[in-house]
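# Reading the structure
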Number of protein chains: 2
Amino acid sequence: MGQPPGYGTFADRAVVLDDPPLLLDLQGIDVDGTEAQRLLPALERAFEEMRALEAGGIANPDEGRRVGHYWLRAPDLAPDPELRQAIERTIDEVRRFAAAVHDGSIAPRPGTRFSDVLHIGIGGSALGPQLVADALGTPDDPLGIRFLDNTDPEGIERTFSELGDRLETTLVVVVSKSGGTPETRNGMEEAIARLRARGLDPAAHLVAVTGEGSALWRRAEEQRFAGRFPMWDWVGGRTSVTSAVGLLPMALCGHDAAAFLDGARAMDAATRVPDPYANPAARLAVAWHVAGEGRGARDMVVIPYRDRLGLFARYLQQLVMESLGKERDRDGRIVHQGLSVYGNKGSTDQHAYVQQLRDGLDNFFALLVGTLEDRLVGAPLEVEPGVTSGDFLAGFLLGTRRALLERGRRVITLWLPRTDARALGALIALFERTVGLYASLVNVNAYHQPGVEAGKRAAAEVLSLQRALLDALSGEEGALRTAPEWAERTGHAGLAVEAFWVLERLAADPRRPVRREGPSDPVRARYGFVS
Amino acid sequence: MGQPPGYGTFADRAVVLDDPPLLLDLQGIDVDGTEAQRLLPALERAFEEMRALEAGGIANPDEGRRVGHYWLRAPDLAPDPELRQAIERTIDEVRRFAAAVHDGSIAPRPGTRFSDVLHIGIGGSALGPQLVADALGTPDDPLGIRFLDNTDPEGIERTFSELGDRLETTLVVVVSKSGGTPETRNGMEEAIARLRARGLDPAAHLVAVTGEGSALWRRAEEQRFAGRFPMWDWVGGRTSVTSAVGLLPMALCGHDAAAFLDGARAMDAATRVPDPYANPAARLAVAWHVAGEGRGARDMVVIPYRDRLGLFARYLQQLVMESLGKERDRDGRIVHQGLSVYGNKGSTDQHAYVQQLRDGLDNFFALLVGTLEDRLVGAPLEVEPGVTSGDFLAGFLLGTRRALLERGRRVITLWLPRTDARALGALIALFERTVGLYASLVNVNAYHQPGVEAGKRAAAEVLSLQRALLDALSGEEGALRTAPEWAERTGHAGLAVEAFWVLERLAADPRRPVRREGPSDPVRARYGFVS
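Remember, it's a predicted structure, so these values are computed and weren't measured experimentally.

Criteria and cut-off values
- Residues numbered from 1 in each chain as written.
- Chains lettered and ligands numbered in written order.
- Predicted model: local features only at pLDDT ≥ 70, side-chain atom pairs only at ≥ 80, totals over all residues.
- Heavy atoms only, no water.
- Contact = heavy atoms within 4.5 Å.
- Buried area = accessible area lost by both parts, 1.4 Å probe.
- Salt bridge = Lys/Arg side-chain N within 4 Å of Asp/Glu carboxyl O.
- Polar contact = N/O pair within 3.5 Å; in protein donor to acceptor, adjacent residues only side chain to side chain.
- Helix = DSSP H or I, 4+ residues; strand = E, 2+ residues; numbered from the N terminus.
- Nonpolar A, V, L, I, M, F, W, Y, C, P; charged D, E, K, R; others polar.
- Buried < 20%, exposed > 50% of the residue type's maximum accessible area, 1.4 Å probe, protein only.
- Least-squares fit on C-alpha atoms with pLDDT ≥ 70 in both.
- Expected span 1.5 Å × (residues − 1).
- Pairing = 2+ DSSP bridges.
- Axes fitted to C-alpha atoms, helices over the stretch in contact; angles between N-to-C directions.
- Phe/Tyr/Trp six-rings, centres within 6.5 Å; stacked < 30°, edge-to-face > 60°.
- Lys NZ or Arg CZ within 6 Å of the ring centre and 35° of its normal.
- Domains from an automatic or database assignment.
- Parallel < 35°, antiparallel > 145°, perpendicular 65-115°, else oblique.
- Left-handed = near helix turned anticlockwise from the far one by under 90°.

The next thing to look at is the interface of chain B and chain A. If you look at the interface, chain B gives 138 residues, while chain A gives 138 residues. For the pair chain B and chain A, the summed buried surface comes to about 12400 Å²; carbon and sulfur atoms form 56% of the total. Counting across the interface, chain B meets chain A through 24 salt bridges. Linking chain B with chain A are 68 residue pairs in polar contact (both at pLDDT 80 or more), by the criterion used here. Of the residues forming the side of chain B that touches chain A, the biggest block, 13 residues, is contributed by helix α14 (residues 389-406) of chain B. Partitioned by chemical class, the residues of the side of chain B that touches chain A number 54 nonpolar, 42 polar and 42 charged.

Here is the structure:
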């Protein structure tokens, strides 16, 4: 049983920010040891690279793109006036659009008013808005919001059945940078079919947030969607929450988008300072490097002690893993970098897996997030004399922190004053910067995602295979063959396993013209066509 | 770019179950290689230990307890008639209670009827019911359900504000085995205060699910709660979903609890077979061992391709990490065992972190879960000619599986026919058994959680410290001291860091009689009392 380092070490390693207010506690990670000292030159380069990126340099060389999410909250820093104006114009258009929805001048039909938002998007087009809605939403918001973030037909049915008749006053916001994300396209088609089935005009319900010139962008113009907002190629999906992607749902739900942007802007300023000690993002990047030995050797377990931050770990999971999980470094060397992230919320997670964190594998470092204020609304109740539910919550955070430190586990704690819009903007900006600096430290490109394409390509092959199998089976009515035999006949011998699963799925659906003879078994099952 | 092993290997390694219907695809893990062969004797012992456990042996020696979750769905297997009768009686009482709630004979007040359930519990007392509610709930259920699974005052406020006036017809189910879980106690006190504030009789709304004889059990009797159901000491929280903990909310919400139990029972039968190849739990346990080198060397990333299974990864996270994350093995040797688990749902997660899974760290194996049927309700829409949203969903699963296999990543795929109550019961039972067998393979006790206590103790110390600080500050009005000085004066010199955070929190709350002089800084901040 170890003793955590004492108060002096705690005070030395702490980073205190006044604006935005933040306390970063690094008592549990050796951020001033030899290993950390060795990073100082690389950190200087990271500051330099960040300066070049913010000045408009090409930070994503294989896609030839600039990276501009920092400009979204400080348009005056944009490298040219056109960009600045585009950002300012979009912020203004979002605000005016939301106001028109609220006052009924944009409405589904004359005499009605929008009551709900259905946000259709996936990955970077959903997770930021989901985090914000969960962190800031109340039952009194002018519009409620729901999300379709998948292409699961059961999930789609559930969402529409929860909406029920409210679909008639639902604004459907479709978010896809490329305009061609299949999950999002499918969700949109399912929404359009249901609007039509009720005799409604889909276009009056639809808003597109997409790249200027994409197929969705043009469709929104041709079919006169209720609204259309741009996604720029210099904003990555996982850092798009301060673009129209995040601002539009915030404004529609009545959340303080201006304060959110202001919090992010203030944090950007604080993390722009090229000081390895005073800059909290630099401090965090060093802490990640030390804890993970610069190669993601330990997972980051993210536990915010607030129900409203219950999606924050998933938000960071996407931001961190998609940015850092790379096969090659920027010099083309194979490095297999990354940093695995998971977690939910405290103290709930203590009852789920702190048993393992304390006693089991030394394969993680913890990032705990606390808030200083007890509750923003309502009166505190004393559940014991002088003690509130919030005191318990903070007690559990401090208790877990100590229990982990005693076992030599690595712990970072971050304290915010509260979880309002400004603090949330600041929190997100802090980790955007940390990821950028850390990527420089380990020399990977944080701004592309080449590995995602392979899965998409393979999925498209499976759909082609399905079409080919249906053609082949229907062309030979009565023939019964095994999955490898059908795969072979359709010229997809290399996809025999996939053919088995496709045929199993088709045979499981009584509405599909495929039946199986024999047991559901990869060797014995044979499949044929039923007309 | 590797080729995954071919169809023959796929077929050899597949496990096909007829009842409950299940297809387990182990193409992506070498479950028949030398390493796996070496496990066969240990697997024989694991089967033997499982037999002894099911027969009523003491499986949790340091707590002197039997482990009986398998009896909950097959009471005739319980080792003595009293247990069998207690299980059967409770199943019957749950059914009758729910029926009385539905027909209004148990009601908040004469002439009213319960409309909602508020389930208060944390960890094992919440996650099973949450998973089930998310997997099976519909807007047409006889009662809606919400959860308080934390002691966050903001989260508590949000839940009650969402309930609004429906609190007057809300049944409050309080679940705590010990009857003394602070988070749950706090949630109950907050509920009682709100019921009282509306002039309602709290007891008419309250149901306790707790250990017979616990403080909560006695309180439920004395204050005549609307209902009371037992938790037995031979059922662990993380395996309690087939006890009253899970059955009561299922029955109240109108889900098919009998089918759920039946699915679990059928899976128990299939995984009781001491055959290392035909038993899917044994096969999975071997796969975990091979993939994680018997020491949790790789995380398990759980991605079910169904929105309704969006909590399944968290459910497994608790079941696996709390069961396996142990400092010592059963012979007292320090081993630091465990298996880290995370994930959310597909294809959504592909847009979040499959980039890293494919290109980045080789520190995981994936567990993908698919369902064969397209959708249970509603008509499939063709989003492209001949292709449905569900085809895309399955295509993404198969595409990701292939993209990972091509990179030599380890993948397990599990196919269910659908996600109804019976399949869900079977799925949970499969992993309960897998965890039990795997724990035997690595020689740890899966049925205790000694590491959880340290955090609880440390949290209690923080609350004592808070009380002592408030006493000390109020006893010296006008005195201003730093956190370490106050810690010293209260005899808690070793808790100076915790004192800093406690004082910061108290000073941040204008309703608390503590103020800070100077900046929020561990060295310079000084705190005093305000009367």
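What follows deals with the pattern of salt bridges. If you walk through the whole model with that rule in mind, you get 112 salt bridges over all chains. Put simply, R146 of chain A and E162 of chain A hold a salt bridge, and the shortest N to O gap is 3.3 Å. One end of the pair, R146 of chain A, is in strand β6 (residues 144-148); the other, E162 of chain A, is in helix α6 (residues 153-163), and 16 residues separate them in sequence. Residue classification places E162 of chain A among the partly exposed positions, given a relative accessible area of 39%. R96 of chain B is the partner of D92 of chain B in a salt bridge, and the nearest nitrogen-oxygen pair spans 3.1 Å. Of the two residues, D92 of chain B and R96 of chain B both sit in helix α4 (residues 81-103), four residues apart, roughly one turn of that helix. Under the relative-accessibility criterion, D92 of chain B is labelled partly exposed at 26%. Given a relative accessible area of 51%, R96 of chain B falls into the exposed group. Members of the salt-bridge network, linked through shared partners, are D25, R358, R401, R402 and E406 of chain A together with E498 of chain B.

A negative phi angle characterises most non-glycine residues, just as the trans form characterises most peptide bonds. For the peptide bond that leads from D19 of chain A to P20 of chain A, omega is -5°, which places it in the cis range. Looking at the secondary structure, you find P20 of chain A in the loop between β1 (15-17) and β2 (22-25). At N443 of chain A, a residue that is not glycine, the phi angle is positive and equals roughly 65°. Tracing the backbone shows N443 of chain A in the loop between α15 (421-441) and α16 (452-475). A positive phi is found at H336 of chain B, a non-glycine position, where the angle reads about 45°. Relative to the assigned elements, H336 of chain B resides in the loop between α12 (312-324) and β11 (341-342). Here H336 of chain B falls in the partly exposed class, since its relative accessible area comes to 29%.

Here we come to the relation of the copies chain B and chain A. Relative to chain A, chain B is turned by 180° and slid 0.0 Å along the rotation axis, the superposed coordinates differing by an RMSD of 0.0 Å. Classification of the inter-copy transformation places it as that of a two-fold axis. Taking C-alpha positions as the reference, the residue of chain B nearest the rotation axis is Y342 of chain B, at 3.1 Å. When the interface residues of chain B are mapped onto chain A, 100% of them are again interface residues, pointing to one common binding face.

All names here are of chain A. Tracing the chain through its elements places E293 in the loop between α11 (280-291) and β10 (299-304). When the C-alpha positions of E293 and E35 are compared, they lie 8.8 Å apart, and in sequence the two are 258 residues distant. If near-sequence neighbours (up to four positions away) are discounted, E293 is found in contact with E35, W288 and R298. Looking at E293, its side chain comes within polar contact range of the side chain of R295, at 2.5 Å.

Moving on, we come to helix α7 (residues 182-197) of chain A. Between its first and last C-alpha atoms α7 of chain A spans 22 Å; for 16 residues at 1.5 Å apiece the expected length is 22 Å, and the two agree. Backbone geometry just after α7 of chain A places G199 of chain A at a positive phi near 75°.

All names here are of chain A. If you walk across this open sheet you meet the six strands as β1-β2-β15-β12-β10-β11, and the pairing is mixed. Strands at the two margins of the open sheet, each flanked by one partner only, are β1 and β11 (341-342). With seven bridges joining them, strand β12 (residues 364-371) and strand β15 (residues 410-416) adopt parallel strand pairing. For L367, the partnering residue across the bridge sits in β15 and is I412. Seen against the sheet, helix α13 (residues 350-359) touches β10, β11 and β12 and runs at an angle of roughly 135° to β10.

Residue and element names in this part refer to chain A. Across the sheet, five strands lie side by side as β6-β5-β7-β8-β9; this open sheet has parallel pairing. Only two strands of the sheet have a single neighbouring strand rather than two, namely β6 and β9 (227-231). Going across the sheet, the axis of each strand differs from the next one's by a mean of 20°, ignoring polarity. Sheet topology places strand β5 (residues 116-120) next to β6; five bridges connect them, and they run parallel. Each residue of the ladder has a partner; that of H119, found in β6, is F147. Most of the contacts of α6 go to β6, to which it runs at about 165°, and overall it touches β5, β6 and β7 (170-176).

Right, let's talk about the environment of F97 of chain B for a bit. Relative to the assigned elements, F97 of chain B resides in helix α4. With 131 residues separating them in the primary sequence, F97 of chain B and R228 of chain B have C-alpha atoms 9.8 Å apart.

Residue and element names in this part refer to chain B. Relative to the 18 Å expected for 13 residues at 1.5 Å per residue, helix α18 (residues 496-508) spans 18 Å between its end C-alpha atoms, a close match to the ideal helical length. The buried count for α18 comes to eleven of 13 residues, which makes it a mostly enclosed element. For α18, the full list of buried residues reads A496, V497, E498, A499, F500, W501, V502, L503, E504, R505 and L506.

Time to look at the packing of aromatic side chains. Scanning the model with the defined rule gives 27 aromatic pairs over all chains in all. Seen from their ring centres, W288 of chain A and F431 of chain A are 6.3 Å apart, and the 20° between their planes marks the pair as stacked. Of this pair, W288 of chain A sits in helix α11 while F431 of chain A sits in helix α15; the two residues are 143 residues apart in sequence, bridging distant segments of the chain. Like W288 of chain A, the residue F431 of chain A is buried in the burial classification. Between Y342 of chain A and Y342 of chain B the ring centres are 5.4 Å apart and the planes differ by 5°, which places this aromatic pair in the stacked class. With Y342 of chain A in strand β11 and Y342 of chain B in strand β11, the pair connects residues from two separate chains. Members of the aromatic cluster, joined through ring pairs, are Y7, F10 and W415 of chain A together with F500 and W501 of chain B. A cation over a ring is seen here: R228 of chain A above W217 of chain A, with NZ or CZ 3.8 Å from the ring centre. Across from the ring centre of Y70 of chain B, 4.0 Å away, lies the NZ or CZ of R433 of chain B, which sits over that ring.

Looking at chain A, the domain boundaries give domain 1 (11-53 + 270-447), domain 2 (80-255) and domain 3 (451-530). Taking only C-alpha atoms into account, the centre of domain 1 of chain A sits 46 Å from that of domain 3 of chain A.

Quick look at the packing of helix α5 (residues 127-136) of chain A against helix α9 (residues 244-252) of chain A now. Residues and elements named next belong to chain A. Contact geometry for α5 and α9: axes closest at 9 Å, N-to-C directions at 30°. Our classification of the angle between α5 and α9 gives roughly parallel. Our pair here, α5 against α9, has a crossing hand that is right-handed. The segment α5 lies against α9, with P129, V132 and L136 engaging V245, G246, P249 and M250.

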